[in-house]
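# Tertiary structure, described
Okay, here's what each chain looks like letter by letter:
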Amino acid sequence: MDVSVTVNGTTYARDVEPRKLLIHFLRDDLDLTGSHIGCDTGNCGACSVIVDGVLVKSCMLLAVQADGASIETVEGISENGELTPLQQSFNEHHALQCGYCTPGMLMSATALLRDNASPSDAEIKKALQGNICRCTGYWNIFEAVKAVAK
Amino acid sequence: MTEDSTTTVAPAPVEVQKGWAGQSVKRREDKRLLQGEGVFVDDIKRHGMGYLHFVRSPYAHAHITRIDVSAAEAVDGVYGTLTGEEVAALTDPFFQISSAPGANIKDYSLALGKVRFVGEPVVAVVAETRELARDASELVEVDYEPLAAVVDARHAQDADAPVLHDDAEGNLMWTGLYSWGDLDAAFAEADRVIEIPELHFHRFNSTPLECDGALVEFNRGVEQWTIHTNNQFPGFAAIMMGPAMKVGLDKLRFVTQDIGGGFGNKITSHPQLVVCCLLARKLNRPIQWTEWRTDFHLSMSHGNERWFRDTKVAVKDDGTLLGFRTKALDDAGAWLRYEPLGGVIWAQVTPGMYRWRHIELDFTQVATNKAPVSPNRGYSRMQHLWFTERVIDIVAKELDLDPVEVRKKNYIRAEDMPYETPNGCVYDSGDYARMLDLALELIDYDAMAGRKAAAKEQGKLLGVGIGSTLDSGTNNFGQSRLINPELQFSGNNEVATVKLDIFGEIVVTLGTTPQGQGHETTAAQVVADILNCALEDVHVRAGHDSYWNSHAGFSGTYASQFAVTGLSAVKGATEMLRDEIFKLAGAVFGGVPAEALELADGGIRIKENPDAFLPFMACGAIINANNAGLPEDLDVTLNCRYVYRPPFEVPDVETKFGNLTLTYAAQLHVAVVEIDPETGYYEIVDYAAVDDCGKRINPQIVEGQVMGATAQAIGAVIHETYEYDEDGNLLTPNFYDYHVPHALDMPPLATGAIESPSPFTPLGTKGMGEGGGAGIHAVCAAIQDATGVVVTDSHNPYRRVWEMLR
Amino acid sequence: MLLREVEYAKPGSVAQALELLAANDGARALAGGQTLINVMKARAASPDMLVDLNGLAELRGIELAADGTLTIGAMTTYTELMRSAEAKARPILGEVCATIADVQVRNRGTIGGNVCANDPTNHLPPLMVAVGARMTIAGAAGEREVTAEEFFLGVYMTAVGQGELLTKIAIPAGKKDGFAAVTLGTEGTCICNAAATVNGSVRVALGCVDAVPVLVTADSPDGIAEAVRAAGIEPPSDVHASAEYRLHLAAVLATRAAQEAAAR
């Protein structure tokens, strides 16, 4: 099936099997390998992206369902190659180790802060609940997000 | 996590820090990872590559009576297949570490004639797309003749137990008796002998978020494979793969870059890598293999499950610990992929933190129809230290003594350091009592009595528990001879190269395979200090490539050693480079002696005449591109390779005596739990973690390791378990049933640190990162404290706590 | 990952969706996909065709009638329910939805998908039974309405037949509701749950203990535990809980949910 999506401002048109998951489409067909795969069951959130303004796990969406959508991935967060305040805060607070969950974490934090510039501690934790990290124990991720919340 | 979730209590360092080492320099790896520009193994593509999918066993134990791949191979877009029979024709079985009977098993990279656990790879199918490879794998016909399975290690040696490996003539893989001191005298001297019938350490692992994988290319002209992989110990993979594939190690080029977590679980992917290699050659195209989460759970690197039975502890009435006897029964799963090394690794920390001198441990490892075990963060020491910490708390309960006092009475004291343990390990430094005081202060231990009473009024049970671990690091591989005296391994090593390139770039190459430990950052800190230059001037290459000649037999990132082996290699190579820069400058300046020179501002100058300055750029240019007229005897390349070799002796095989690791970092954790007695549901409401890993090159990175290991312990003790039913089906094959803690599950955490520099390492550092087991011990102790019931299992989900309270 | 081949259709109306479902025995409706896609990854289910209901505006939306009845379109997401001013008329709905899975799943997952999946560990089947929801099912023959008690037939089975769709759920007015669960980790998968509503007597629906929610009633919260024990429930055993533990939890959680409901 023909699919046309705009990812981080660039429009891509491809012929896609209906069964292909959006995450495989992004990674394998569009070579946008920043979003990752960490599970089979929709639990880990490493594949989180924003589709038409809504944070989703791209492993539970078919690529064909995203036809016509505007998608934001980790590759689109920075402007001109410079780290954003959120990304800098992750660096400052040592909020990543292996970095595999980080793209998904950043998308979840981005969606949170867009929706709610001044989240409470509880809201930050709840916003990150759908993203598994096996390296940090989340404490520093929490601190990194909190530091950029107003 | 509260607003002030992290409190760092760092006492003044023992020595005044200068320069970069000791500073929490921000990580240089982060930028690419934060921008989605890391290169993880599944990100790599090659023209014409084929995707590999494994057909896996649905049975825990069965004969394979027929395999037919013709329907799969007939599918348009399928490139080919590989079966166990082909593997057996092309390769030898993997080398076995074990002495007999484990030595006799024949382990190939695909099942041959028989399957021995659910999820075992049986056939590999390669196709044009991932989806097609999986489709075709469903067309592979495999006929099985199911056999009875053995799932419980305690029954593996029963007379009627099904035997996994006929070559081993039973399920016993390895056994060894360890006995040190005078047990009879200790038990004669004891006022009391505490008996503990059975303790069980459960099966789980660290589930790195990225599973295993590889992209393997075969260069037909030079008959060499390039293996892009996330294997974290290429040195070990090479030793396993070369002989099996009957090729020299120069034919196996290992390349890694970013690795999505390892925790030991990515050491034993060599069988899958061999399959990729054989298929790359057979099909003449690059082979891409990505392991999915369910595959990983079913088949990869479970942590050692261990039973401690018939434990007897000799104690005095005042809580003085004299010694213990126990029988350790270790469940290896179906294959010995790194085992039975777990049968000796525990002995690195034989007495735990305590001064008891009379210890006997009868170790037996058996095979079962479950996934093979392999190293997992805290490998084998975690199991043993959980046991010792359980013993301490059970003794305290039996004697009605305060667990704090029993610990303090028996701790190895700061003034005893370096301390030789009953089995010859030499604890390098530490102050356990001080760590405990600090942890208790962080948790406000004095307030516990009041909090317990308050909880009781709310119908809750509050308990506090202490758990400690020793993170023994930098293995003496000579300990493998206690498993098998025939083995020719000993000592350890790691390599770094540091060079000055034409334009003065300082380029550092590591032998290690970091998975988030920040090696690019800490190595740069060490180099910049020695060369007295800016951190930005140091370029540390990302990842590992065995083509760089910057590796040795034990290269990799595992077993808590980078801060010692990796950074000592970096230090050694950088000092070589420094000395060469001095030599070169001396010659360029016309015979100025080294003592008259100094490094500064990215170059070298004459102390008394700072205007006589040779920038590194000039040094690099002279040696590499402008070297006419230099003195003939100037022995300078500005490309320095250093192999760090820790000072080890081969342990005595007869007495099983010797120093098994170089450093012994310590962790002391305290957990407070609050239990809902009606449901068994509980939460960790407060937590403190104190770490001592000697000199910290980058305290923030160290603290990050402490936090991550703590989180894994919390997950393991409450939720994470690889539990099987009686037919050998894994009940937790994905993150839906294998619950990994998320952000809402994390308790408030206070961290603290003391620094007891190691007297045995070049930088005073100790390996660290594997100390998280302390959290398991602490939570078990806290549950025991809250419920008043002895905790006998390392896994305590709500249902178990409820059962304890019944 | 890696689903079997499947056809994909995106109907422009409910009528079209029903036609597609009726014409293909192997067709399945795709709601939020937060369960179905995962089942398909495991290849435990392999429909021939997915009929994507996303984009059908007639299946979305929340209406509050003058008598306090809420009518919720089947494709309304958990997030929409949490944020809806109308849905606050029955506060328990948004409260429970806020504890389902995580933000990403709540953004895609729908109330209709949750009840139609009828996974015994789901939150909403017992809640629907407790509050006395009525489900509207559309098919070739038109619409019919069933009660929540009639709706749930077995594990993964509901009154929605082949060629039919759940289109909306009506929930009567009420505020005195409660929900209690023991979950895997904080706000995780339910090991056992109970939804309660108090309206004169106490009505508790238990999840995770049988193929369908088990309804238990009593005169007061104090009597509910005994009613649970007398209900003859035989819960399943699995890696997370023994039958015995689940039965015990059912009584405890039923009481807690009922107490919460009564206290409102």
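All values reported here derive from a predicted model rather than from experimental measurement. (Residues numbered from 1 in each chain as written. Chains lettered and ligands numbered in written order. Predicted model: local features only at pLDDT ≥ 70, side-chain atom pairs only at ≥ 80, totals over all residues. Heavy atoms only, no water.)

## Describing the overall build of chain A
- Counting secondary structure elements, chain A contains five helices and five strands.
- Listing each helix as α and each strand as β along chain A from the N terminus yields β-β-α-β-β-β-α-α-α-α.
- In terms of overall dimensions, chain A is globule-like: its C-alpha atoms have a radius of gyration of 15 Å, near the 15 Å expected for 150 residues.
- C-alpha extents for chain A along the principal axes are approximately 45 × 30 × 25 Å.
- In chain A, which comprises 150 residues, the share counted as buried stands at 70%.
- When contacts within chain A are restricted to residue pairs at least 6 apart in sequence, long-range pairs at least 24 apart make up 56% of them.
- Placing the 11 positive and 18 negative side-chain charges of chain A at their respective mean positions leaves the two points 7 Å apart. (Helix = DSSP H or I, 4+ residues; strand = E, 2+ residues; numbered from the N terminus. Rg over C-alpha atoms; globule rule 2.2 N^0.38 Å. Buried < 20%, exposed > 50% of the residue type's maximum accessible area, 1.4 Å probe, protein only. Contact = heavy atoms within 4.5 Å. Lys, Arg positive; Asp, Glu negative; His and termini not counted. Charge placed at Lys NZ, Arg CZ, Asp CG, Glu CD.)

## As for the sheet that holds strand β11 (residues 177-183) of chain C
Residue and element names in this part refer to chain C.
- Judged by pairing direction, the sheet is antiparallel, and its four strands sit side by side in the order β11-β12-β13-β14 without closing on themselves. On the outer flanks of this sheet lie β11 and β14 (214-218), each paired with one strand and no other. Strand-to-strand twist of the sheet, defined as the mean angle between neighbouring strand axes without regard to direction, takes the value 15 degrees.
- Both strand β12 (residues 190-199) and strand β13 (residues 201-207) contribute to a ladder of seven bridges, which runs antiparallel. Considered in β13, the bridge of N193 is made with G207.
- Lying on the sheet, helix α10 (residues 243-263) is in contact with β11, β12 and β13; it crosses β12 at an angle near 35 degrees. (Pairing = 2+ DSSP bridges. Axes fitted to C-alpha atoms, helices over the stretch in contact; angles between N-to-C directions.)

## Regarding the domain arrangement of chain B
Residues and elements named next belong to chain B.
- The domain boundaries assigned to chain B delineate domain 1 (8-22 + 378-477 + 655-805), domain 2 (41-147 + 211-259 + 267-299) and domain 3 (493-644).
- Measuring from the centre of the C-alpha atoms in domain 2 to the corresponding centre in domain 3 gives 40 Å.
- Each partner contributes to the interface: domain 2 provides 15 residues, whereas domain 3 provides 15 residues.
- Between domain 2 and domain 3, the buried area comes to about 1,200 Å², and carbon and sulfur atoms account for 50% of it. (Domains from an automatic or database assignment. Buried area = accessible area lost by both parts, 1.4 Å probe.)

## Observations concerning the packing of aromatic side chains
- A full pass over the atoms with the stated rule returns 31 aromatic pairs over all chains.
- A ring pair is formed by F151 of chain C and F152 of chain C, whose centres lie 5.1 Å apart and whose planes are at 85 degrees; its orientation type is edge-to-face.
- Residue F152 of chain C is classed as buried on the basis of its relative accessible area of 5%.
- Positioned above the aromatic ring of Y547 of chain B, the side-chain terminus of R253 of chain B is 4.2 Å from the ring centre.
- In this structure, R541 of chain B packs its charged tip against the face of W548 of chain B, placed 4.9 Å from the ring centre. (Phe/Tyr/Trp six-rings, centres within 6.5 Å; stacked < 30°, edge-to-face > 60°. Lys NZ or Arg CZ within 6 Å of the ring centre and 35° of its normal.)

## Structural notes on the interface of chain C and chain B
- With 28 residues of chain C at the contact, the number on the chain B side is 26 residues.
- Of the roughly 2,300 Å² buried at the junction of chain C and chain B (both faces included), carbon and sulfur atoms supply 51%.
- On the chain C side of the interface with chain B, the three residues burying the most area are L2, V239 and Y245 of chain C, jointly 28% of the side's total.
- Applying the counting criterion to the chain C and chain B interface returns six salt bridges.
- One salt bridge connects D676 of chain B with R256 of chain C, and the closest N-O pair in it is separated by 2.8 Å.
- If you list the elements that add at least two residues to the side of chain C that touches chain B, you get β11 and α10 of chain C.
- Of all the elements, α10 of chain C adds the most residues to the side of chain C that touches chain B, at six residues.
- Looking at the side of chain C that touches chain B, its residues break down into 12 nonpolar, eight polar and eight charged. (Salt bridge = Lys/Arg side-chain N within 4 Å of Asp/Glu carboxyl O. Nonpolar A, V, L, I, M, F, W, Y, C, P; charged D, E, K, R; others polar.)

## Observations concerning the interface of chain B and chain A
- The interface of chain B with chain A comprises 57 residues on the first partner and 55 residues on the second.
- Interface area, chain B with chain A, both sides summed: about 4,900 Å², of which 56% is carbon and sulfur.
- For the pair chain B and chain A, the interface holds six salt bridges.
- We note a salt bridge from D43 of chain B to R27 of chain A, for which the minimum N-O separation is 2.7 Å.
- Across the contact surface, chain B and chain A share 26 residue pairs in polar contact (both at pLDDT 80 or more).
- Counting residues per element, the ones that place at least two in the side of chain B that touches chain A are α1 (30-34), α4 (130-137), α8 (293-299) and α18 (699-718) of chain B.
- Element by element, the count of residues in the side of chain B that touches chain A is highest for α18 of chain B, at nine residues.
- Here the residues of the side of chain B that touches chain A sort into 22 nonpolar, 21 polar and 14 charged. (Polar contact = N/O pair within 3.5 Å; in protein donor to acceptor, adjacent residues only side chain to side chain.)

## Things to note about empty space enclosed by the protein
Residue and element names in this part refer to chain B.
- Scanning all chains against the criterion turns up 16 cavities of 30 Å³ or more.
- Here the largest cavity is characterised by a volume of approximately 700 Å³.
- Sorting the residues of the lining of the largest cavity by element identifies α15 (519-531), α16 (562-588) and α18 as the ones contributing at least two each.
- Considered class by class, the residues forming the lining of the largest cavity number 19 nonpolar, 23 polar and six charged.
- Shared between two domains, the lining of the largest cavity holds at least three residues of each, these being domain 1 (8-22 + 378-477 + 655-805) and domain 3 (493-644).
- Roughly 140 Å³ of internal volume is contained in the second largest cavity.
- Looking at the second largest cavity, it is lined by 14 residues, and the ones nearest its centre are I97, F236, L341, F477 and F489.
- Per-element accounting of the lining of the second largest cavity gives the leading share, three residues, to helix α6 (residues 234-245).
- Classifying every residue of the lining of the second largest cavity by side-chain character gives 12 nonpolar, two polar and no charged. (1 Å grid on protein atoms, 1.4 Å probe; cavity = no way out; pocket = protein on both sides within 12 Å on 5 of 7 lines; lining within 4 Å. Points joined across faces, edges and corners; volume = space filled by probe spheres on them.)

## Observations concerning the nonpolar core
- Membership of the largest hydrophobic core comes to 248 residues, with the highest contact counts inside it found for F90 of chain A, L52, M241, Y432 and I776 of chain B together with L206 of chain C.
- Those residues within four positions of Y432 of chain B in sequence are excluded, and the remaining contacts are M353, Y411, I412, M417, Y427, L470, A666 and L668 of chain B.
- Within the second largest apolar cluster, 51 residues are counted, among which are L531, V570, L597 and L599 of chain B. (Core = buried A, V, L, I, M, F, W, Y, C linked by side-chain atoms within 4.5 Å.)

## As for the packing of helix α10 (residues 381-399) of chain B against helix α11 (residues 403-410) of chain B
All names here are of chain B.
- Interhelical geometry of α10 versus α11 gives an angle of 120 degrees and a closest axis separation of 9 Å. Considering their axes alone, α10 and α11 lie oblique with respect to each other. You can see that α10 and α11 cross each other, and the crossing is right-handed. Along the contact surface, α10 presents E389, I392, D393 and A396, while α11 presents P403, V406 and R407.
- Considering only residue class, the contact of α10 with α11 consists of four nonpolar, no polar and three charged. (Parallel < 35°, antiparallel > 145°, perpendicular 65-115°, else oblique. Left-handed = near helix turned anticlockwise from the far one by under 90°.)

## A word on helix α4 (residues 121-128) of chain A
- When α4 of chain A is considered as a whole, its buried residues turn out to be D121, I124, K125, A127 and L128 of chain A. What you see down the axis of α4 of chain A is that its buried residues fit within an arc of 160 degrees, all on one side.
- Summarising the contacts, the buried residues of α4 of chain A are in contact with α3 (102-115) and α5 (139-148) of chain A together with α5 (103-108) of chain C. (Arc of directions from axis to C-beta.)

## Some details on the domain arrangement of chain A
Residues and elements named next belong to chain A.
- Domain boundaries assigned for chain A yield domain 1 (2-76) and domain 2 (85-148).
- Opposite the 16 residues of domain 1 that make contact, domain 2 presents 13 residues.
- Both faces combined, the contact of domain 1 with domain 2 buries some 1,200 Å², and carbon together with sulfur accounts for 60% of it.
- When residues of domain 1 are sorted by the area they lose upon contact with domain 2, H36, L55 and V74 head the list and together hold 35% of the total.
- Taken together, the links from domain 1 to domain 2 amount to one salt bridge.
- Here R114 makes a salt bridge to E72, at a shortest N to O gap of 2.5 Å.
- Counting across the domain 1 and domain 2 interface gives six residue pairs in polar contact (both at pLDDT 80 or more).
- Broken down by secondary-structure element, the contributors of at least two residues to the side of domain 1 that touches domain 2 are β3 (48-51) and β4 (54-57).
- No other element matches the three residues that β3 contributes to the side of domain 1 that touches domain 2.
- Taken together, the residues that form the side of domain 1 that touches domain 2 break down as seven nonpolar, seven polar and two charged.

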